Amino acid sequence: MEETHTRSYRPQAIVRRIRYHQLASVTLAGTYVLMILGAYTSAIGAGLSCPDWPMCYGTVVPFLHPEIIANSPYSALQIFAEWAHRGLAMIVGLLIISTALVAWYTRERAIVRGSAVFAALLLPVQVVLGGLTVTESLEPVIVTSHLATATLILVALTASTVVSWPALDAKISVRR
């Protein structure tokens, strides 16, 4: 009995595979940049330069209030680094959710779907840990957990991105 495959080699199907891979790649790159920005923020001692969460000095954009910057014990660079980390985290979070949804509804391979969805399921944990990092004054176990969760998200996105590589995906399909 011959197995029937649902994978299509029509141009539209190929374009969809490439588009998913592009989305996954952008999400992966954004996550990596976010992690680097988080490390930079920590390295320059800016982890508490926005003392409240989710706002920054009670506002979304502290730079629209020069008195905030002038009266802060932190430099404008430190405040910008923490504020940019939060802003990029919001964008990357939306990308992670989008990647998981597209994977769930369009990808056939379990590893692509599962790893993208796993990253999205870790996202609320990561957001809570990010908030606790600030509200609990950089408690080491929380900061470490925040980094560890980010690493798990990065690994899951890497799996989804690499396995969805269009050339690899086509080779696997041909071998079936």
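See the structure shown above.
Keep in mind that this is a model prediction, so the values were computed, not measured.

Asks: Break down the overall build of the protein chain for me, citing the residues and quoting the values.
Replies: Within the protein chain, the regular secondary structure consists of six helices and zero strands. Ordered by position from the N terminus, the helices and strands of the protein chain form the series α-α-α-α-α-α. Expressed as a percentage of its 176 residues, the buried residues of the protein chain come to 38%. Entry remark: accessible area of the protein chain is about 10200 Å², with carbon and sulfur atoms responsible for 71%.

Asks: Which residues make up the packing of helix α4 (residues 110-135) against helix α5 (residues 140-163), and what are the values?
Replies: Relative orientation of the contacting elements α4 and α5 amounts to 160°, with a least axis distance of 8 Å. Taken together, the axes of α4 and α5 are roughly antiparallel relative to one another. For α4 against α5, the interelement crossing comes out left-handed. For the contact of α4 with α5, the residue count by class is 19 nonpolar, eight polar and no charged.

Asks: Mind laying out the nonpolar core, listing which residues take part and the relevant values?
Replies: Ranked by size, the top nonpolar core spans 15 residues in total, and within it Ile96, Ala119, Ile153 and Leu157 carry the most contacts. Those elements giving two or more residues to this core turn out to be α1 (11-43), α3 (76-106), α4 and α5. Per-element accounting of this core gives the leading share, five residues, to α5. Those residues within four positions of Ile153 in sequence are excluded, and the remaining contacts are Thr31, Ile96, Ala119, Leu122, Leu123 and Gln126. With six residues, the next largest nonpolar core counts Tyr20, Ala24, Ala116 and Val163 among its residues.

Asks: Give me the lowdown on α5, citing residues and values where you can.
Replies: An ideal rise of 1.5 Å per residue puts 34 Å on 24 residues; α5 measures up with 35 Å between its terminal C-alpha atoms. Residues Ile142, His146, Thr149, Ala150, Ile153, Leu154, Ala156, Leu157, Ser160, Thr161 and Val163 constitute the buried set of α5.

Asks: How would you explain unusual backbone geometry if you had to name every residue and give the values?
Replies: Comment: phi is negative for the bulk of residues other than glycine, and the bulk of peptide bonds are trans. Look at the link from Trp53 to Pro54: it is a cis peptide, with omega at 15°. Locating Pro54 in the fold gives a position in the loop between α1 and α2 (66-71). A positive phi angle, close to 60°, is found at Tyr57, a residue other than glycine. Take Tyr57: it is sitting in the loop between α1 and α2. Taking the relative accessible area as the measure of exposure, Tyr57 reaches 25% and is therefore partly exposed. Even without being a glycine, Ser137 presents a positive backbone phi close to 55°.

Asks: Would you mind going over the pattern of salt bridges in detail, with residue names and values included?
Replies: Side-chain pairs of opposite charge can arise where the charged atoms are in close proximity. In total, this model carries one salt bridge according to the counting rule given. In this structure, the salt-bridge partner of Glu82 is Arg86, at a minimum N-O distance of 3.0 Å. Taken together, the residues Glu82 and Arg86, both in helix α3 and four residues apart, mark about one turn of the helix.

Asks: Residue-level account of the side chain of Thr149, with values.
Replies: Inspection of the secondary structure assignment puts Thr149 in helix α5. Judged by relative accessible area, Thr149 falls into the buried class, the value being 9%. Not counting residues within four places of it along the chain, the set of residues in contact with Thr149 comprises Leu122, Val125, Gln126 and Leu129.

Thresholds, definitions, all that
Residues numbered from 1 in each chain as written. Predicted model: local features only at pLDDT ≥ 70, side-chain atom pairs only at ≥ 80, totals over all residues. Heavy atoms only, no water. Helix = DSSP H or I, 4+ residues; strand = E, 2+ residues; numbered from the N terminus. Buried < 20%, exposed > 50% of the residue type's maximum accessible area, 1.4 Å probe, protein only. Areas by Shrake-Rupley, 256 points an atom, 1.4 Å probe, with all protein chains shown as cover. Axes fitted to C-alpha atoms, helices over the stretch in contact; angles between N-to-C directions. Parallel < 35°, antiparallel > 145°, perpendicular 65-115°, else oblique. Left-handed = near helix turned anticlockwise from the far one by under 90°. Nonpolar A, V, L, I, M, F, W, Y, C, P; charged D, E, K, R; others polar. Core = buried A, V, L, I, M, F, W, Y, C linked by side-chain atoms within 4.5 Å. Contact = heavy atoms within 4.5 Å. Expected span 1.5 Å × (residues − 1). Salt bridge = Lys/Arg side-chain N within 4 Å of Asp/Glu carboxyl O.

Nothing here speaks to function; it is geometry throughout.
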